[in-house]
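# Topology and contacts: notes
Now for the letters of each chain:
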Amino acid sequence: MIENERMVTPDELVAEVKKLVDAGYRLATATCVDLGENFEIIYHFDKDLTLQNLRMVFPKDAEVPSITGVYLGAFLIENEMKEMFGAKITGIAIDYGGKLLVTDETLQTPLLKSVQVTSVATSPNGGAQ
Amino acid sequence: MSRQTVVPFGPQHPVLPEPIQLKLTLEDERVVSALPAFGYCHRGIEKAGELNEFPQNVFLVERICGICSFIHALCYCQGIEKIMGVEVPERAKFLRVIWGELHRLHSHLLWIGLLADAFGFESLFMQTWRFREKVMDVLEKTCGSRVIISTCTIGGVRRDISDELLSEILATLKDVERHLDQVTHVIEKDYTIRKRCIGVGILTKEQAIAFGAVGPTLRGSGIAQDVRMTGYAAYGQLKFEPVVENGCDSYARALVRVRESYQAIDLVRQAIDKMPSGEIAVKVRGNPNGEAVMRVEQPRGELVYYIKGNGTKNLERLRVRTPTYQNAATLVAMLPGMTLADVPVIALSIDPCFSCTER
């Protein structure tokens, strides 16, 4: 548990975010965690240095809505979660199409637990394998 | 209607030594829209943070950025200490402030030099970096290293600073302050700097919140928010007010950094004056089990770490959100309406650090 957190469902997410935005909150960031069967995304909102955290757990193959419709500044964060974890976030206002941080030549969804990285130092081409 | 042209600004550009590309859509010389793109040197440090044992991560996160290395280590250590319920000795908290503010000072001096270089003010650039070196020399004397100082550890700090060295720091800061007065005069009075920065790259208060701006970018838009106000480390025992400017433009962001350089000197002086004697670290046993969100103020703004431990030596998740990742999004709002010639100054005005962003 982290301070000031509450659970939301994907259906409630956008409305809950809008309430915070209307109340003057700023999105500090969002964190995606691989829970095995599910993903967990925690949205960290800040106002006057106090955090409000919205925690959302959903199956890995489920689609979840983007919050960029109500908070445009989330576009880089959502693109990152999409690429690093493969989270199916739909409707991102500025969608990089999976090419913000990774390319076709690099490791895909590297932050998934199932993606094994051996050792950066010992890989044959000097990069993560 | 004029024909629109797309101009790729970067990833290699004389003004930006770090790799960011701005996809600029122009009508004649005026920017219609801009889209930041990065990922040219992503290092996968969050993944590496899960593979290392958690004490090793202190050295890993320091290497996210060479400009604010100590502050990354501080944020990580404070996060682990929060999960494990570790109380850090008072002297260590003050030493953390001293090293943190020395990093802020040399980071802001580096930025002032880069801004001068962008205008073609080579003399100002070299002069600023010359006395930035004095701060780097102080770091070397106190830690044995100029950039990655490795003094922060879980439970406190690794090194103490002797009274003799503290006196030397005070003397050096007096010298740096004298140089800073000269630079401040130029930034405040010079016609070219004012002409190139005032009214350029407007980010309104509302836009700053809507794009999640942090640090001098946020405070240059009139919002008095600085994580040091929460009183982490020893900041709660020092006199501190966030530096705020209301211009909402590149000039306001520059002034915030200049004034914060003076503030960093003042905070080091206060910390040296009030620092108690005693232990500098406590022994930490066990493994972290639980989660924490930790925030500290980097030179570029709020740094956020999310740490989740599972009771083993390896973390379940290490998330690092650096200030430039937030501030890069604000370029989408700042650049439209500006001319192509203004783009370098505006991009510099957020003090971008892609070493941090490509963590």
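Residues numbered from 1 in each chain as written. Chains lettered and ligands numbered in written order. Predicted model: local features only at pLDDT ≥ 70, side-chain atom pairs only at ≥ 80, totals over all residues.

### A word on the overall build of chain B
Stated precisely, the cut-off is as follows: Helical segments are the DSSP runs of H or I of at least four residues, strand segments are the runs of E of at least two, and each set is numbered from the N terminus. Only C-alpha atoms enter the radius of gyration, while the globule expectation follows 2.2 Å times N to the 0.38, with N the number of residues. To sort residues by exposure, count the other C-beta atoms lying within 10 Å of each residue's C-beta; 20 or more gives buried, 12 or fewer gives exposed, and values between give partly exposed, all with C-beta atoms placed from the backbone. In this description, any two residues whose backbone-derived C-beta atoms lie within 7 Å of each other are considered to be in contact.
When you go through chain B residue by residue, the secondary structure sums to 13 helices and 8 strands. A compact globule built from 359 residues should have a C-alpha radius of gyration of about 21 Å, and chain B, at 20 Å, falls within 12% of that. On the principal axes, the C-alpha backbone points of chain B span a range of 70 × 45 × 30 Å. Counting over 359 residues, chain B shows a buried share of 54%. By sequence separation, contacts in chain B at least 24 residues apart represent 71% of the contacts at least 6 residues apart.

### A closer look at the interface of chain B and chain A
Operational definition: When residue character is reported, Ala, Val, Leu, Ile, Met, Phe, Trp, Tyr, Cys and Pro are called nonpolar, Asp, Glu, Lys and Arg charged, and the others, Gly included, polar.
On the side of chain A, 24 residues touch chain B, which itself brings 29 residues to the contact. For the side of chain B that touches chain A, the elements supplying multiple residues, two or more each, are helix 1 (45-51), helix 8 (205-210), strand 6 (289-298), strand 7 (301-310), strand 8 (315-321) and helix 11 (323-334) of chain B. In terms of residue class, the side of chain B that touches chain A is made up of 15 nonpolar, 6 polar and 8 charged.

### Section: the nonpolar core
We count it as follows: Structurally, a nonpolar core is described as a collection of buried Ala, Val, Leu, Ile, Met, Phe, Trp, Tyr and Cys residues joined by way of C-beta atoms within 7 Å.
Ranked by size, the top nonpolar core spans 146 residues in total, and within it A:Met81, B:Val268, B:Ala271, B:Leu331 and B:Val343 carry the most contacts. Sort the elements by how many residues they give to this core and helix 4 (residues 90-119) of chain B lands first, with 13 residues. The contact partners of B:Leu331, leaving out residues within four places of it in the chain, are B:Leu22, B:Ala34, B:Pro36, B:Ala347 and B:Ile350.

### As for the packing of helix 6 (residues 163-189) of chain B against helix 10 (residues 250-274) of chain B
All names here are of chain B. Where we set the bar: Think of each axis as a best-fit line through the C-alpha atoms, taken over the contacting stretch in the case of a helix, with angles from 0 to 180 degrees between the N-to-C directions. Just so you know how the angles are binned, under 35 degrees is roughly parallel, over 145 roughly antiparallel, 65 to 115 roughly perpendicular, and the rest oblique. Working rule for handedness: look at the near helix, and if it is turned counterclockwise from the far one by less than a right angle, call the crossing left-handed; if clockwise, right-handed.
Contact geometry for helix 6 and helix 10: axes closest at 11 Å, N-to-C directions at 160 degrees. Judged on the interaxial angle alone, helix 10 and helix 6 are roughly antiparallel. Note on packing geometry: the crossing formed by helix 6 with helix 10 is left-handed. Of the residues in helix 10, those touching helix 6 at Leu-166, Ile-169, Leu-170, Leu-173, Val-176, Glu-177, Leu-180, Thr-184 and Ile-187 are Ala-254, Val-258, Ser-261, Tyr-262, Ile-265, Val-268, Arg-269 and Ile-272. Across the contact of helix 6 with helix 10, the residue classes tally to 13 nonpolar, 2 polar and 2 charged.

### What to know about the confidence of the model for chain A
The criterion, for reference: Per residue, pLDDT measures the predictor's confidence, with a range of 0 to 100.
Here chain A averages 86 in pLDDT, while 91% of its residues score no lower than 70. Scored below 50 in pLDDT, residues 122-129 of chain A makes 10 contacts in the model with residues more than four places away or belonging to other chains.

### Thoughts on the pairing of strand 6 of chain B
Regular strands have side chains that alternate between both faces of the sheet. Residues and elements named next belong to chain B. Filter applied, for reference: Two strands make a pair as long as DSSP finds a minimum of two bridges between them.
By the criterion of burial, strand 6 is predominantly enclosed, with 7 of the 10 residues buried. In this sheet, strand 7 lies alongside strand 6 in antiparallel orientation, the contact comprising 10 bridges. Within strand 7, the residue paired with Asn-289 across the bridge is Asn-310. What sits between strand 6 and strand 7 in their antiparallel hairpin is a turn of 2 residues.

### Thoughts on the confidence of the model for chain B
Looking at chain B as a whole, its pLDDT mean stands at 91, while 100% of the residues score no less than 70. With pTM at 0.92, the complex prediction returns an ipTM value of 0.89.

### Examining the sheet that holds strand 6 of chain B
Residues and elements named next belong to chain B. Ordered by their spatial adjacency, 3 strands build an open sheet running 6-7-8, and the pairing between neighbours is antiparallel. The open sheet has two free edges, formed respectively by strand 6 and strand 8, since each of these has just one partner strand. Between one strand and the next, the sheet's axes are offset by a mean angle of 10 degrees, whatever the strand orientation. Alignment of strand 7 against strand 8, held across 6 bridges, turns out to be antiparallel. By the bridge assignment for strand 8, Tyr-306 is matched with Arg-319. Against the sheet, helix 3 (residues 69-84) makes contact with strand 6 and strand 7, and its axis sits at roughly 150 degrees relative to strand 6, the strand it touches most. Relative to the sheet, helix 11 contacts strand 6, strand 7 and strand 8, its axis offset from that of strand 7 by approximately 130 degrees.

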